[in-house]
Amino acid sequence: MSVKGCIFDLDGVIVDTAKYHYLAWKRLAAELGFEFTIKDNERLKGVSRMKSLEILLEVGGLNFDDKTKVKLAEKKNNWYVEYISKMDKSEILPGVENFIKSLKEKGIKTALGSASKNAMIILNNLKILDYFDAVIDGNKVKKAKPDPEVFLLAAKELNLEPKDCVVFEDAEAGIEAAKNAGMYAVGVGSLDILHKADRVIMGFDNAKLDIIKF
Ligand code: B16
Ligand code: MG
């Protein structure tokens, strides 16, 4: 079958923003008086901001009322935005820009499907916004991955059927979301974490268009 559209997750697929999320969450944990490790941070990948805060507070054994939680999430986000505002093209992960360019040359449509409400800042800083025919980010969806909403909306904006789309994802919840949407899922990262994907690649360095043949 021939693929008509490719949908890319942002954090962990196009750029490694997990390190900036980690710096900001770690800073918040330190202010609250506990340590948040890089291993704890794994649990936040692909997860929404408020859900990430819940996990962080669980690690610290703390709980707050909803109003305080919103303030804490805002505080973390302000630090995160400060970090990502310094990003530039050099932070695009190896090979992914060329891969997207080859898709466009073949007439394959492309979309972004990210849980992040900050996706536009990153796309603009990286100067890659023009590569996407549709951008679905955390501001456009109500349900977090593994719900398929983000990818179904991307297919809809591309005017394509889900079965004609391939998703590239680095998070387990994202692979589940792609499968729940009825799409072919390519995991980007380690096979241990992404075993539910239809296939797994280490990254886009030297990646050929063959990886979307199924
Ligand atoms: P924000 P993705 C996700 O992006 C991140 O993986 C996850 O760690 C983050 O909590 C989430 O976006 C929300 O981000 O706080 O910027 O709205 O992987 O779906 O591109
Ligand atoms: Mg991701």
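Every chain is numbered independently, its residues counted from 1 as its sequence is written. Chains carry letters and ligands carry numbers; both start at the beginning, A for chains and 1 for ligands, and go up in the order they are written. Confidence filtering applies because this is a predicted model: local features only for residues at pLDDT of at least 70, side-chain atom pairs given and counted only at 80 or more, and all residues used for totals across whole chains, interfaces and linings. Water and hydrogen atoms play no part in the side-chain values, which are based on all heavy atoms of the structure.

A. Structural context of the domain arrangement of the protein chain. What counts as a domain boundary in this text is fixed by an automatic or database domain assignment. What the domain assignment lists for the protein chain is domain 1 (5-16 + 89-212) and domain 2 (18-84). On a C-alpha basis, the centroid separation for the pair domain 1 and domain 2 is 24 Å. Contact between domain 1 and domain 2 buries roughly 1000 Å² in total, counting both sides, with carbon and sulfur atoms accounting for 48%. Buried area adds together the accessible area that both of two parts lose upon being put together, with accessible area traced by a 1.4 Å probe. Three residues, Asp16, Glu91 and Asn118, lead the burial of domain 1 against domain 2; their summed loss comes to 39% of the area buried on that side. Here, a salt bridge means any Lys or Arg side-chain nitrogen found within 4 Å of an Asp or Glu carboxyl oxygen. Across the domain 1-domain 2 interface, the total number found is one salt bridge. In this structure, the salt-bridge partner of glutamate 91 is lysine 19, at a minimum N-O distance of 3.9 Å.

B. Here's a closer look at the side chain of aspartate 9. Per the convention used, a helix needs a DSSP run of H or I reaching at least four residues, while a strand needs a run of E reaching at least two, with both numbered from the N terminus. Relative to the elements of secondary structure, aspartate 9 occurs in the loop between β1 (5-8) and α1 (18-32). Whenever two N or O atoms come within 3.5 Å, that pair is a polar contact, provided that in protein one can donate a hydrogen and the other can accept it, and provided that, for residues adjacent in sequence, both atoms are side-chain atoms. Among the polar contacts listed, one links the side chain of aspartate 9 to the side chain of lysine 145, at a separation of 3.0 Å. Residue contacts are counted whenever heavy atoms from the two residues lie within 4.5 Å of one another. Residues within four places of aspartate 9 in sequence aside, it is in contact with Ile14, Leu112, Gly113, Ser114, Lys145, Phe168, Glu169 and Asp170.

C. Looking closely at α1. Expected helix span is given by 1.5 Å per residue-to-residue step, counting one fewer step than there are residues. In this model α1 runs 21 Å from its N-terminal to its C-terminal C-alpha over 15 residues, within 8% of the 21 Å that 1.5 Å per residue would give. Where α1 is buried, its residues contact α2 (38-42), α3 (49-60) and α4 (66-84). The first or second residue beyond α1 is glycine 33, which carries a positive phi of 95 degrees.

D. Representation of the state of the cysteines within the structure. Note on terminology: disulfide denotes any pair of cysteine sulfur atoms within 2.5 Å. Counted by the stated rule, this structure contains zero disulfides. This cysteine, cysteine 6, is not joined by any disulfide, and cysteine 165 carries the nearest cysteine sulfur, 8.1 Å off. For cysteine 6, a relative accessible area of 0% gives the class buried. Burial classes: relative accessible area under 20% of the type maximum marks a residue as buried, over 50% as exposed, and values in between as partly exposed (1.4 Å probe, protein chains only). Look at cysteine 165 and you get buried, because its relative accessible area is 0%.

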